[in-house]
Amino acid sequence: MGKITGFMEFERIEEGYQPPAERLKHYREFVIGLDDAQAKVQGARCMDCGTPFCNNGCPINNIIPDFNDLVYRGDWKNAIAVLHSTNNFPEFTGRICPAPCEAACTLNINDDPVGIKSIEHAIIDRAWAEGWVVPQPPKAKTGKKVAVVGSGPAGLAAAQQLARAGHDVTVFEKNDRIGGLLRYGIPDFKMEKWLIDRRIEQMQAEGVTFRTRVLVGALPDGSKVTNDARDAVSPEQLRAEFDAVLLCGGAEQPRDLPVPGRELDGIHFAMEFLPQQNKVNAGDKLKKQISAAGKHVVVIGGGDTGSDCVGTSNRHGAASVTQFEVMPQPPAQENKPLTWPYWPLKLRTSSSHEEGCQREFAIATKAFVGKNGKVTAVRTVHVEMKDGKLVEIPGTEKEYKADLVLLAMGFVSPIASVLDAFGVEKDARGNAKATTELVGGYATNVPKVFAAGDMRRGQSLVVWAIREGRQAARAVDEFLMGHSVLPR
(Lines give C-alpha, C1' and ligand atoms only; values in the text may rest on other atoms or scores of the structure.)
Protein backbone atom coordinates (compact mmCIF):
# COMPACT_ATOMS: atom_id res chain seq x y z
CA MET A 1 0.00 0.00 0.00
CA GLY A 2 1.20 3.49 -0.71
CA LYS A 3 4.93 3.89 -1.24
CA ILE A 4 6.97 1.06 0.25
CA THR A 5 9.44 3.44 1.92
CA GLY A 6 6.95 6.30 2.39
CA PHE A 7 6.64 5.94 6.14
CA MET A 8 10.41 6.44 6.44
CA GLU A 9 10.61 9.35 3.99
CA PHE A 10 7.62 11.52 4.87
CA GLU A 11 6.41 13.19 8.04
CA ARG A 12 2.81 13.44 9.16
CA ILE A 13 1.06 16.54 7.80
CA GLU A 14 -1.60 18.06 10.04
CA GLU A 15 -4.62 19.92 8.77
CA GLY A 16 -4.32 23.65 9.38
CA TYR A 17 -6.49 26.11 11.31
CA GLN A 18 -7.34 29.74 10.88
CA PRO A 19 -5.64 31.77 13.64
CA PRO A 20 -7.79 32.05 16.80
CA ALA A 21 -8.21 35.82 16.43
CA GLU A 22 -9.84 35.29 13.02
CA ARG A 23 -12.01 32.26 13.73
CA LEU A 24 -13.45 33.71 16.94
CA LYS A 25 -15.23 36.30 14.78
CA HIS A 26 -17.49 33.74 13.13
CA TYR A 27 -19.20 30.35 13.50
CA ARG A 28 -17.99 28.81 10.23
CA GLU A 29 -15.61 25.89 9.89
CA PHE A 30 -11.99 26.99 10.14
CA VAL A 31 -10.06 23.80 9.37
CA ILE A 32 -7.80 24.04 6.32
CA GLY A 33 -7.86 20.59 4.74
CA LEU A 34 -5.05 18.86 2.89
CA ASP A 35 -4.61 19.61 -0.80
CA ASP A 36 -4.26 16.77 -3.29
CA ALA A 37 -0.46 16.67 -3.08
CA GLN A 38 -0.47 16.64 0.73
CA ALA A 39 -3.09 13.88 0.82
CA LYS A 40 -0.96 11.84 -1.60
CA VAL A 41 2.03 12.17 0.74
CA GLN A 42 -0.07 11.05 3.70
CA GLY A 43 -1.35 8.09 1.68
CA ALA A 44 2.26 7.20 0.89
CA ARG A 45 3.02 6.83 4.60
CA CYS A 46 0.69 3.79 4.92
CA MET A 47 3.00 0.92 5.84
CA ASP A 48 1.45 -2.10 4.11
CA CYS A 49 1.55 -3.75 7.55
CA GLY A 50 0.59 -7.41 7.65
CA THR A 51 -2.36 -6.81 9.97
CA PRO A 52 -4.00 -3.38 9.46
CA PHE A 53 -5.04 -2.61 13.03
CA CYS A 54 -6.57 0.66 11.80
CA ASN A 55 -9.46 -1.33 10.29
CA ASN A 56 -10.44 -2.72 13.68
CA GLY A 57 -9.69 0.54 15.46
CA CYS A 58 -12.37 2.12 13.26
CA PRO A 59 -15.87 1.28 14.56
CA ILE A 60 -17.25 1.05 11.01
CA ASN A 61 -14.23 -0.92 9.80
CA ASN A 62 -13.29 1.49 7.04
CA ILE A 63 -10.99 -0.21 4.53
CA ILE A 64 -8.27 2.29 5.32
CA PRO A 65 -5.15 0.84 3.65
CA ASP A 66 -7.02 0.53 0.36
CA PHE A 67 -8.20 4.11 0.17
CA ASN A 68 -4.80 5.35 1.38
CA ASP A 69 -3.21 3.50 -1.55
CA LEU A 70 -5.78 4.80 -4.03
CA VAL A 71 -5.18 8.40 -2.95
CA TYR A 72 -1.43 7.89 -3.24
CA ARG A 73 -1.97 6.64 -6.81
CA GLY A 74 -4.34 9.50 -7.65
CA ASP A 75 -7.39 7.26 -8.11
CA TRP A 76 -9.80 9.44 -6.16
CA LYS A 77 -12.97 8.06 -7.74
CA ASN A 78 -12.25 4.52 -6.57
CA ALA A 79 -11.12 5.92 -3.21
CA ILE A 80 -14.59 7.33 -2.53
CA ALA A 81 -16.17 4.05 -3.68
CA VAL A 82 -14.10 2.18 -1.10
CA LEU A 83 -14.86 4.75 1.59
CA HIS A 84 -18.60 4.76 0.89
CA SER A 85 -18.69 0.96 1.01
CA THR A 86 -18.44 1.14 4.81
CA ASN A 87 -19.39 4.73 5.68
CA ASN A 88 -22.53 6.54 4.53
CA PHE A 89 -21.36 9.95 5.72
CA PRO A 90 -17.57 10.43 5.61
CA GLU A 91 -18.02 14.22 5.52
CA PHE A 92 -19.33 13.94 9.10
CA THR A 93 -16.70 11.57 10.44
CA GLY A 94 -13.91 13.29 8.50
CA ARG A 95 -14.68 16.41 10.51
CA ILE A 96 -15.75 15.33 13.99
CA CYS A 97 -14.53 11.77 14.59
CA PRO A 98 -11.71 11.57 17.18
CA ALA A 99 -10.00 9.05 14.85
CA PRO A 100 -9.51 5.88 16.91
CA CYS A 101 -8.15 4.43 13.66
CA GLU A 102 -5.07 6.64 14.01
CA ALA A 103 -4.48 5.48 17.58
CA ALA A 104 -4.48 1.91 16.20
CA CYS A 105 -2.15 2.71 13.26
CA THR A 106 0.93 0.44 13.32
CA LEU A 107 3.11 3.46 12.60
CA ASN A 108 1.83 4.98 15.85
CA ILE A 109 3.86 2.46 17.87
CA ASN A 110 7.01 4.57 17.58
CA ASP A 111 6.14 7.44 15.22
CA ASP A 112 3.30 9.75 14.28
CA PRO A 113 0.38 7.82 12.76
CA VAL A 114 -0.86 8.17 9.20
CA GLY A 115 -3.26 11.12 8.91
CA ILE A 116 -6.19 8.84 8.13
CA LYS A 117 -8.91 11.29 9.16
CA SER A 118 -7.45 14.08 7.01
CA ILE A 119 -7.29 11.70 4.02
CA GLU A 120 -10.94 10.74 4.56
CA HIS A 121 -11.84 14.43 4.74
CA ALA A 122 -10.00 15.10 1.48
CA ILE A 123 -11.60 12.14 -0.33
CA ILE A 124 -15.20 13.06 0.43
CA ASP A 125 -14.77 16.77 -0.23
CA ARG A 126 -13.16 15.93 -3.60
CA ALA A 127 -15.97 13.50 -4.38
CA TRP A 128 -18.70 16.09 -3.79
CA ALA A 129 -16.77 18.70 -5.80
CA GLU A 130 -16.41 16.28 -8.74
CA GLY A 131 -20.10 15.27 -8.66
CA TRP A 132 -19.37 11.64 -7.80
CA VAL A 133 -21.84 11.53 -4.90
CA VAL A 134 -25.24 10.90 -6.46
CA PRO A 135 -28.54 9.37 -5.35
CA GLN A 136 -28.72 5.56 -5.44
CA PRO A 137 -32.43 4.73 -5.65
CA PRO A 138 -33.39 1.05 -5.48
CA LYS A 139 -33.93 -0.93 -8.63
CA ALA A 140 -37.13 -2.40 -7.20
CA LYS A 141 -39.46 -1.66 -4.29
CA THR A 142 -40.38 -4.26 -1.68
CA GLY A 143 -43.69 -2.77 -0.59
CA LYS A 144 -42.53 -2.84 3.03
CA LYS A 145 -42.76 0.25 5.23
CA VAL A 146 -40.23 1.15 7.94
CA ALA A 147 -40.44 3.97 10.50
CA VAL A 148 -37.15 5.36 11.79
CA VAL A 149 -37.49 7.42 14.97
CA GLY A 150 -34.70 9.97 15.29
CA SER A 151 -32.70 11.63 12.53
CA GLY A 152 -29.22 11.65 14.01
CA PRO A 153 -26.35 9.70 12.42
CA ALA A 154 -27.76 6.29 13.41
CA GLY A 155 -31.22 7.08 12.03
CA LEU A 156 -29.89 8.61 8.83
CA ALA A 157 -27.51 5.73 8.13
CA ALA A 158 -30.25 3.17 8.75
CA ALA A 159 -32.77 5.07 6.65
CA GLN A 160 -30.41 5.38 3.70
CA GLN A 161 -29.51 1.68 3.78
CA LEU A 162 -33.14 0.57 4.10
CA ALA A 163 -34.26 2.85 1.26
CA ARG A 164 -31.54 1.47 -0.99
CA ALA A 165 -32.82 -2.02 -0.17
CA GLY A 166 -36.19 -0.97 -1.62
CA HIS A 167 -38.23 -0.27 1.50
CA ASP A 168 -40.45 2.80 1.99
CA VAL A 169 -38.74 4.65 4.84
CA THR A 170 -40.17 7.49 6.91
CA VAL A 171 -37.91 9.30 9.39
CA PHE A 172 -39.60 11.02 12.35
CA GLU A 173 -37.80 13.92 14.07
CA LYS A 174 -39.18 15.97 16.99
CA ASN A 175 -37.15 19.07 16.13
CA ASP A 176 -37.66 21.54 13.32
CA ARG A 177 -34.75 20.31 11.19
CA ILE A 178 -33.25 16.94 10.36
CA GLY A 179 -29.95 15.89 11.90
CA GLY A 180 -30.52 15.13 15.58
CA LEU A 181 -27.41 15.81 17.66
CA LEU A 182 -25.47 16.40 14.44
CA ARG A 183 -27.69 19.42 13.89
CA TYR A 184 -28.12 20.78 17.39
CA GLY A 185 -25.38 19.16 19.47
CA ILE A 186 -22.34 20.05 17.38
CA PRO A 187 -21.38 23.70 16.86
CA ASP A 188 -21.27 25.02 13.31
CA PHE A 189 -17.59 25.86 13.66
CA LYS A 190 -16.90 22.12 13.88
CA MET A 191 -19.37 21.05 11.19
CA GLU A 192 -21.50 23.37 9.09
CA LYS A 193 -25.07 22.22 8.71
CA TRP A 194 -25.36 22.54 4.93
CA LEU A 195 -23.41 19.29 4.91
CA ILE A 196 -26.44 17.59 6.48
CA ASP A 197 -28.87 19.34 4.13
CA ARG A 198 -26.93 18.09 1.12
CA ARG A 199 -27.24 14.50 2.32
CA ILE A 200 -30.94 14.98 3.04
CA GLU A 201 -31.48 15.97 -0.59
CA GLN A 202 -29.68 12.82 -1.72
CA MET A 203 -31.76 10.63 0.59
CA GLN A 204 -35.02 12.22 -0.54
CA ALA A 205 -34.05 11.42 -4.12
CA GLU A 206 -33.51 7.83 -2.96
CA GLY A 207 -37.06 7.72 -1.61
CA VAL A 208 -36.72 8.57 2.09
CA THR A 209 -39.55 10.66 3.58
CA PHE A 210 -38.75 13.05 6.44
CA ARG A 211 -41.31 14.28 8.96
CA THR A 212 -40.09 17.00 11.31
CA ARG A 213 -41.72 18.49 14.42
CA VAL A 214 -43.30 15.11 15.22
CA LEU A 215 -42.81 13.66 18.68
CA VAL A 216 -43.08 9.90 19.01
CA GLY A 217 -44.30 8.99 22.46
CA ALA A 218 -43.96 11.73 25.09
CA LEU A 219 -41.38 13.72 27.04
CA PRO A 220 -41.59 14.02 30.82
CA ASP A 221 -42.95 17.25 32.32
CA GLY A 222 -40.27 19.90 32.73
CA SER A 223 -37.88 18.21 30.31
CA LYS A 224 -35.02 20.47 29.13
CA VAL A 225 -34.50 18.39 25.99
CA THR A 226 -34.76 20.39 22.75
CA ASN A 227 -38.23 19.79 21.34
CA ASP A 228 -39.94 21.71 18.53
CA ALA A 229 -42.75 19.20 18.01
CA ARG A 230 -46.19 20.37 16.96
CA ASP A 231 -47.62 16.92 16.37
CA ALA A 232 -47.38 13.62 18.19
CA VAL A 233 -47.56 10.03 17.03
CA SER A 234 -48.19 7.15 19.39
CA PRO A 235 -46.16 3.93 19.34
CA GLU A 236 -49.40 2.09 18.63
CA GLN A 237 -49.90 4.14 15.46
CA LEU A 238 -46.40 3.40 14.21
CA ARG A 239 -46.69 -0.31 14.86
CA ALA A 240 -50.04 -0.39 13.09
CA GLU A 241 -48.93 1.61 10.04
CA PHE A 242 -45.41 0.24 9.53
CA ASP A 243 -43.94 -3.23 9.09
CA ALA A 244 -40.99 -2.37 11.33
CA VAL A 245 -40.00 0.46 13.67
CA LEU A 246 -36.38 1.37 14.37
CA LEU A 247 -35.66 3.57 17.40
CA CYS A 248 -32.56 5.72 16.83
CA GLY A 249 -33.00 8.65 19.21
CA GLY A 250 -30.01 10.15 20.96
CA ALA A 251 -28.92 9.76 24.57
CA GLU A 252 -30.43 13.11 25.50
CA GLN A 253 -30.92 12.72 29.26
CA PRO A 254 -28.15 14.95 30.68
CA ARG A 255 -26.25 14.14 33.85
CA ASP A 256 -27.26 16.67 36.51
CA LEU A 257 -25.28 18.08 39.44
CA PRO A 258 -27.57 18.09 42.50
CA VAL A 259 -25.53 20.26 44.88
CA PRO A 260 -26.71 23.21 47.00
CA GLY A 261 -27.64 26.21 44.86
CA ARG A 262 -28.57 24.18 41.78
CA GLU A 263 -31.87 26.09 41.54
CA LEU A 264 -30.16 29.45 40.92
CA ASP A 265 -30.67 31.27 37.63
CA GLY A 266 -27.73 31.14 35.28
CA ILE A 267 -27.10 27.37 35.56
CA HIS A 268 -27.93 25.46 32.39
CA PHE A 269 -27.31 22.14 30.73
CA ALA A 270 -24.96 22.30 27.74
CA MET A 271 -27.78 21.11 25.51
CA GLU A 272 -29.87 24.10 26.48
CA PHE A 273 -27.02 26.39 25.44
CA LEU A 274 -25.52 24.84 22.30
CA PRO A 275 -28.70 24.22 20.23
CA GLN A 276 -29.76 27.83 20.65
CA GLN A 277 -26.65 29.13 18.93
CA ASN A 278 -27.08 26.68 16.06
CA LYS A 279 -30.65 27.88 15.65
CA VAL A 280 -29.49 31.50 15.57
CA ASN A 281 -26.84 30.60 12.99
CA ALA A 282 -29.62 29.07 10.88
CA GLY A 283 -31.50 32.38 10.92
CA ASP A 284 -34.00 31.66 13.68
CA LYS A 285 -35.07 34.47 15.99
CA LEU A 286 -35.28 33.29 19.59
CA LYS A 287 -37.39 34.93 22.26
CA LYS A 288 -34.52 34.60 24.71
CA GLN A 289 -31.05 33.23 24.12
CA ILE A 290 -28.65 32.07 26.83
CA SER A 291 -25.70 34.38 26.27
CA ALA A 292 -22.14 34.26 27.57
CA ALA A 293 -21.36 37.80 26.41
CA GLY A 294 -19.40 39.70 29.05
CA LYS A 295 -19.87 36.90 31.60
CA HIS A 296 -17.53 34.79 33.65
CA VAL A 297 -18.37 31.30 32.40
CA VAL A 298 -17.68 28.05 34.23
CA VAL A 299 -18.04 24.85 32.19
CA ILE A 300 -18.35 21.72 34.34
CA GLY A 301 -17.21 18.68 32.37
CA GLY A 302 -13.96 18.10 30.52
CA GLY A 303 -15.15 16.22 27.43
CA ASP A 304 -16.07 17.23 23.89
CA THR A 305 -19.38 18.80 24.90
CA GLY A 306 -17.58 20.94 27.46
CA SER A 307 -15.08 21.96 24.81
CA ASP A 308 -17.96 22.95 22.51
CA CYS A 309 -19.31 25.16 25.30
CA VAL A 310 -15.88 26.78 25.63
CA GLY A 311 -15.67 27.60 21.93
CA THR A 312 -19.22 28.92 21.77
CA SER A 313 -18.77 31.04 24.93
CA ASN A 314 -15.64 32.63 23.51
CA ARG A 315 -17.48 33.48 20.30
CA HIS A 316 -20.20 35.13 22.40
CA GLY A 317 -17.52 37.35 23.94
CA ALA A 318 -17.26 35.87 27.44
CA ALA A 319 -15.20 37.79 29.98
CA SER A 320 -13.51 34.54 31.02
CA VAL A 321 -14.02 30.81 30.52
CA THR A 322 -12.98 28.17 33.05
CA GLN A 323 -13.47 24.44 32.50
CA PHE A 324 -13.62 21.89 35.33
CA GLU A 325 -12.69 18.22 35.06
CA VAL A 326 -13.16 16.00 38.11
CA MET A 327 -10.52 13.48 37.02
CA PRO A 328 -6.76 14.14 37.42
CA GLN A 329 -4.88 15.72 34.52
CA PRO A 330 -3.77 12.96 32.15
CA PRO A 331 -0.19 12.72 30.88
CA ALA A 332 0.83 14.82 27.89
CA GLN A 333 2.08 11.68 26.13
CA GLU A 334 0.47 8.27 26.37
CA ASN A 335 2.34 5.10 27.24
CA LYS A 336 2.26 3.63 23.72
CA PRO A 337 3.71 0.19 24.53
CA LEU A 338 0.97 -0.20 27.15
CA THR A 339 -2.03 1.20 25.26
CA TRP A 340 -1.48 0.60 21.53
CA PRO A 341 -3.62 -0.23 19.54
CA TYR A 342 -6.35 0.95 21.92
CA TRP A 343 -7.57 4.49 22.55
CA PRO A 344 -5.00 6.05 24.88
CA LEU A 345 -5.41 8.19 27.96
CA LYS A 346 -3.56 11.45 27.37
CA LEU A 347 -4.09 15.19 27.63
CA ARG A 348 -6.09 16.44 24.66
CA THR A 349 -6.19 20.13 23.86
CA SER A 350 -8.96 21.08 21.45
CA SER A 351 -9.06 24.05 19.10
CA SER A 352 -11.58 25.64 21.49
CA HIS A 353 -9.12 25.36 24.39
CA GLU A 354 -6.51 27.11 22.25
CA GLU A 355 -8.92 30.02 21.76
CA GLY A 356 -8.84 30.84 25.46
CA CYS A 357 -9.73 28.74 28.49
CA GLN A 358 -8.48 28.09 32.01
CA ARG A 359 -8.57 24.34 32.61
CA GLU A 360 -8.82 22.92 36.13
CA PHE A 361 -8.33 19.21 36.78
CA ALA A 362 -9.11 17.04 39.83
CA ILE A 363 -11.71 19.53 40.98
CA ALA A 364 -15.22 18.89 42.30
CA THR A 365 -18.15 21.26 42.72
CA LYS A 366 -19.40 21.58 46.30
CA ALA A 367 -22.08 24.23 45.81
CA PHE A 368 -23.31 27.09 43.69
CA VAL A 369 -23.29 30.51 45.35
CA GLY A 370 -25.79 33.16 44.42
CA LYS A 371 -27.24 36.58 45.10
CA ASN A 372 -30.80 37.71 44.44
CA GLY A 373 -31.56 34.31 42.94
CA LYS A 374 -28.72 34.38 40.39
CA VAL A 375 -25.50 32.41 40.42
CA THR A 376 -22.39 34.43 41.26
CA ALA A 377 -19.78 31.78 42.05
CA VAL A 378 -18.96 28.09 42.16
CA ARG A 379 -17.56 26.65 45.38
CA THR A 380 -15.06 23.86 44.71
CA VAL A 381 -12.60 21.49 46.32
CA HIS A 382 -9.70 19.57 44.84
CA VAL A 383 -9.85 15.78 44.88
CA GLU A 384 -7.43 12.90 44.58
CA MET A 385 -7.74 9.21 43.81
CA LYS A 386 -7.44 6.88 46.81
CA ASP A 387 -8.31 3.19 46.72
CA GLY A 388 -10.15 3.71 43.46
CA LYS A 389 -12.29 6.57 44.76
CA LEU A 390 -12.08 10.34 44.48
CA VAL A 391 -11.73 11.94 47.90
CA GLU A 392 -11.57 15.59 48.86
CA ILE A 393 -8.27 17.19 49.80
CA PRO A 394 -8.71 19.25 52.99
CA GLY A 395 -7.78 22.91 52.74
CA THR A 396 -8.27 23.18 48.98
CA GLU A 397 -11.70 24.83 48.99
CA LYS A 398 -12.03 27.75 46.59
CA GLU A 399 -14.67 29.90 44.91
CA TYR A 400 -14.64 30.74 41.20
CA LYS A 401 -16.56 33.74 39.96
CA ALA A 402 -19.39 32.66 37.68
CA ASP A 403 -22.24 34.51 35.97
CA LEU A 404 -23.04 31.52 33.77
CA VAL A 405 -22.54 27.83 34.58
CA LEU A 406 -22.83 25.20 31.86
CA LEU A 407 -23.24 21.55 32.88
CA ALA A 408 -21.48 19.33 30.35
CA MET A 409 -20.96 16.10 32.27
CA GLY A 410 -22.29 13.76 29.63
CA PHE A 411 -25.60 11.99 29.14
CA VAL A 412 -26.92 9.12 31.20
CA SER A 413 -29.42 7.51 28.81
CA PRO A 414 -32.10 8.04 26.17
CA ILE A 415 -35.32 9.66 27.35
CA ALA A 416 -36.96 6.91 29.41
CA SER A 417 -40.52 7.96 28.62
CA VAL A 418 -40.03 7.22 24.91
CA LEU A 419 -38.86 3.67 25.56
CA ASP A 420 -41.56 3.19 28.18
CA ALA A 421 -44.22 4.30 25.70
CA PHE A 422 -43.21 1.44 23.41
CA GLY A 423 -42.90 -0.99 26.30
CA VAL A 424 -39.27 -1.63 25.41
CA GLU A 425 -37.25 -3.40 28.06
CA LYS A 426 -34.23 -1.41 29.29
CA ASP A 427 -30.80 -2.51 30.42
CA ALA A 428 -29.15 -1.51 33.71
CA ARG A 429 -28.07 1.84 32.23
CA GLY A 430 -31.52 2.79 30.95
CA ASN A 431 -30.83 2.00 27.29
CA ALA A 432 -33.01 -0.13 25.05
CA LYS A 433 -32.10 -3.75 25.65
CA ALA A 434 -31.05 -5.37 22.38
CA THR A 435 -28.07 -7.40 21.28
CA THR A 436 -25.82 -7.02 18.23
CA GLU A 437 -25.91 -10.72 17.34
CA LEU A 438 -25.71 -11.64 13.68
CA VAL A 439 -29.15 -13.25 13.85
CA GLY A 440 -31.89 -11.32 15.62
CA GLY A 441 -29.63 -8.41 16.45
CA TYR A 442 -31.00 -4.96 17.37
CA ALA A 443 -34.45 -6.41 18.03
CA THR A 444 -36.14 -5.37 21.28
CA ASN A 445 -38.61 -7.39 23.32
CA VAL A 446 -41.47 -5.67 21.47
CA PRO A 447 -42.42 -7.38 18.19
CA LYS A 448 -41.09 -5.58 15.07
CA VAL A 449 -39.46 -2.81 17.15
CA PHE A 450 -35.68 -2.42 16.87
CA ALA A 451 -33.18 -0.04 18.50
CA ALA A 452 -29.75 1.24 17.48
CA GLY A 453 -27.21 3.98 18.15
CA ASP A 454 -27.33 5.91 21.40
CA MET A 455 -30.79 4.51 22.03
CA ARG A 456 -29.24 1.05 22.40
CA ARG A 457 -25.62 1.62 23.47
CA GLY A 458 -25.86 4.95 25.31
CA GLN A 459 -23.84 8.10 24.73
CA SER A 460 -21.22 7.42 22.09
CA LEU A 461 -19.46 8.69 18.97
CA VAL A 462 -20.98 9.62 15.61
CA VAL A 463 -18.94 6.84 14.00
CA TRP A 464 -20.45 4.26 16.39
CA ALA A 465 -23.92 5.59 15.57
CA ILE A 466 -23.31 5.13 11.83
CA ARG A 467 -22.07 1.58 12.45
CA GLU A 468 -25.13 0.66 14.47
CA GLY A 469 -27.49 2.30 12.01
CA ARG A 470 -26.01 0.26 9.17
CA GLN A 471 -26.06 -2.99 11.11
CA ALA A 472 -29.61 -2.40 12.35
CA ALA A 473 -30.73 -1.71 8.78
CA ARG A 474 -29.48 -5.14 7.76
CA ALA A 475 -31.24 -6.72 10.74
CA VAL A 476 -34.54 -5.00 9.83
CA ASP A 477 -34.13 -6.00 6.18
CA GLU A 478 -33.59 -9.64 7.19
CA PHE A 479 -36.65 -9.46 9.45
CA LEU A 480 -38.81 -8.13 6.62
CA MET A 481 -37.48 -10.20 3.73
CA GLY A 482 -35.95 -13.30 5.31
CA HIS A 483 -32.55 -12.41 3.87
CA SER A 484 -30.49 -9.29 3.14
CA VAL A 485 -27.85 -8.15 0.69
CA LEU A 486 -27.02 -5.09 2.80
CA PRO A 487 -23.50 -5.06 4.27
CA ARG A 488 -23.28 -5.47 8.00
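For clarity, every value in this text was computed on a predicted model and none was experimentally measured. (Residues numbered from 1 in each chain as written. Predicted model: local features only at pLDDT ≥ 70, side-chain atom pairs only at ≥ 80, totals over all residues. Heavy atoms only, no water.)

*Asks:* I'm lost on the overall build of the protein chain in this one. Help?
*Replies:* Within the protein chain, the secondary structure is distributed over 20 helices and 20 strands. For the protein chain, whose C-alpha radius of gyration is 23 Å, the value lies close to the compact-globule estimate of 23 Å for 488 residues. Principal-axis analysis of the C-alpha atoms gives the protein chain an extent of 65 × 60 × 50 Å. Of the contacts made within the protein chain by residues no fewer than 6 positions apart, 68% connect residues no fewer than 24 positions apart. Accessible surface for the protein chain amounts to roughly 21,300 Å². Of this, 51% is attributable to carbon and sulfur atoms. With 59 positive and 60 negative side-chain charges, the protein chain shows a separation of 3 Å between the mean positions of the two kinds. (Helix = DSSP H or I, 4+ residues; strand = E, 2+ residues; numbered from the N terminus. Rg over C-alpha atoms; globule rule 2.2 N^0.38 Å. Contact = heavy atoms within 4.5 Å. Areas by Shrake-Rupley, 256 points an atom, 1.4 Å probe, with all protein chains shown as cover. Lys, Arg positive; Asp, Glu negative; His and termini not counted. Charge placed at Lys NZ, Arg CZ, Asp CG, Glu CD.)

*Asks:* Would you explain the nonpolar core in this entry?
*Replies:* The tendency in soluble globular proteins is for nonpolar side chains to be buried as a group. Judged by nonpolar contacts, the single largest core of 68 residues is most densely connected at Phe67, Ile123, Val148, Leu182, Met191, Phe210 and Leu246. With 9 residues, helix H20 (residues 462-481) is the largest single contributor of residues to this core. Excluding residues within four positions of it along the chain, Phe67 makes contact with Asn62, Ala79, Val82, Leu83, Ile116, Ile119 and Ile123. (Core = buried A, V, L, I, M, F, W, Y, C linked by side-chain atoms within 4.5 Å. Buried < 20%, exposed > 50% of the residue type's maximum accessible area, 1.4 Å probe, protein only.)

*Asks:* In this structure, what is going on with the pairing of strand S12 (residues 320-325)? I would like to understand it.
*Replies:* Within a regular strand, side chains alternate between the sheet's two faces. Of the pairings in the sheet, the one linking strand S11 (residues 296-300) to S12 comprises 5 bridges and is parallel in character. By the bridge assignment for S12, His296 is matched with Ser320. Remark: the S11/helix H15 (residues 304-316)/S12 crossover connection has right-handed handedness. When S12 meets strand S13 (residues 358-361), the two strands line up parallel, connected through 4 bridges. Within the sheet, the bridge partner assigned to Glu325 lies in S13 and is Phe361. (Pairing = 2+ DSSP bridges. Right-handed = clockwise from strand over helix to strand, strands pointing away.)

*Asks:* Looking at this structure, I do not really get the sheet that holds strand S18 (residues 404-407). What am I missing?
*Replies:* One key point about sheets: their strands pair by backbone hydrogen bonds, in either a parallel or an antiparallel sense. Spatially, the 5 strands line up as an open sheet ordered S10-S18-S11-S12-S13, and their pairing is parallel. In the strand order of this sheet, the two ends are held by strand S10 (267-269) and S13, each with one partner. Adjacent strand axes in the sheet meet at a mean angle of 20° when their direction is disregarded. Two elements, S10 and S18, share 3 bridges in a ladder whose sense is parallel. (Axes fitted to C-alpha atoms, helices over the stretch in contact; angles between N-to-C directions.)

*Asks:* Got a minute to help me understand the packing of helix H5 (residues 64-72) against helix H9 (residues 116-130) in this structure?
*Replies:* Packed helices, taken two at a time, are described by their axes: the angle between them and the distance between them. The interhelical angle for the contact between H5 and H9, taken along N-to-C directions, is 60°, at an axis separation of 11 Å. Overall, the two elements H5 and H9 adopt an arrangement that is oblique. Of the two elements, H5 crosses H9, and the hand of that crossing is left-handed. In this structure, H5 uses Ile64, Phe67, Asn68 and Val71 to contact H9, whose residues at the interface are Ile116, Ile119 and Ile123. In terms of residue class, the contact of H5 with H9 is built from 6 nonpolar, 1 polar and no charged. (Parallel < 35°, antiparallel > 145°, perpendicular 65-115°, else oblique. Left-handed = near helix turned anticlockwise from the far one by under 90°. Nonpolar A, V, L, I, M, F, W, Y, C, P; charged D, E, K, R; others polar.)

*Asks:* It is not clear to me how the pattern of salt bridges should be interpreted in this structure. Could you clarify?
*Replies:* Scanning all chains against the criterion turns up 32 salt bridges. When the shortest N-O distance is used, the salt bridge between Glu355 and Arg315 registers 2.8 Å. Of this pair, Glu355 sits in the loop between helix H17 (351-354) and S13 while Arg315 sits in helix H15, and the two are 40 residues apart along the sequence. The residues Glu355 and Arg315 share a single accessibility class, namely buried. Among the charged side chains, a network of salt bridges with common partners joins Asp176, Arg177, Asp228, Lys279 and Asp284. (Salt bridge = Lys/Arg side-chain N within 4 Å of Asp/Glu carboxyl O.)

*Asks:* Mind showing me how you'd approach H9 here?
*Replies:* Because an α-helix completes one turn every 3.6 residues, residues spaced three or four positions apart along the sequence face the same direction. Look at H9: 21 Å from first C-alpha to last across 15 residues, which is about the 21 Å you get at 1.5 Å a residue. Restricting attention to buried positions, one finds in H9 the residues Ile116, Ser118, Ile119, Glu120, His121, Ala122, Ile123, Ile124, Ala127 and Trp128. One or two positions beyond H9, positive phi appears at Gly131, with a value near 80°. (Expected span 1.5 Å × (residues − 1).)

*Asks:* Looking at this model, I keep getting lost on unusual backbone geometry. Mind explaining?
*Replies:* Outside of glycine, negative phi angles account for most residues, and trans bonds account for most peptide bonds. Backbone torsion omega between Trp340 and Pro341 reads 10°, so that peptide bond is classified as cis. Along the chain, Pro341 turns up in the loop between helix H16 (336-339) and H17. In this structure, Asn61 is a non-glycine residue whose phi angle is positive, near 55°. Relative to the helices and strands, Asn61 is located in the loop between helix H4 (53-57) and H5. Given a relative accessible area of 33%, Asn61 falls into the partly exposed group. A positive phi is found at Ala362, a non-glycine position, where the angle reads about 55°.

*Asks:* Sorry if this is basic, but what is going on with helix H10 (residues 153-164) here?
*Replies:* Its 12 residues place the ends of H10 17 Å apart at the C-alpha level, agreeing with the 16 Å of an ideal helix rising 1.5 Å per residue. Counting buried positions along H10 gives 11 out of 12 residues, so the element sits mostly inside the fold. For H10, the complete set of buried residues consists of Pro153, Ala154, Gly155, Leu156, Ala157, Ala158, Ala159, Gln160, Gln161, Leu162 and Ala163.

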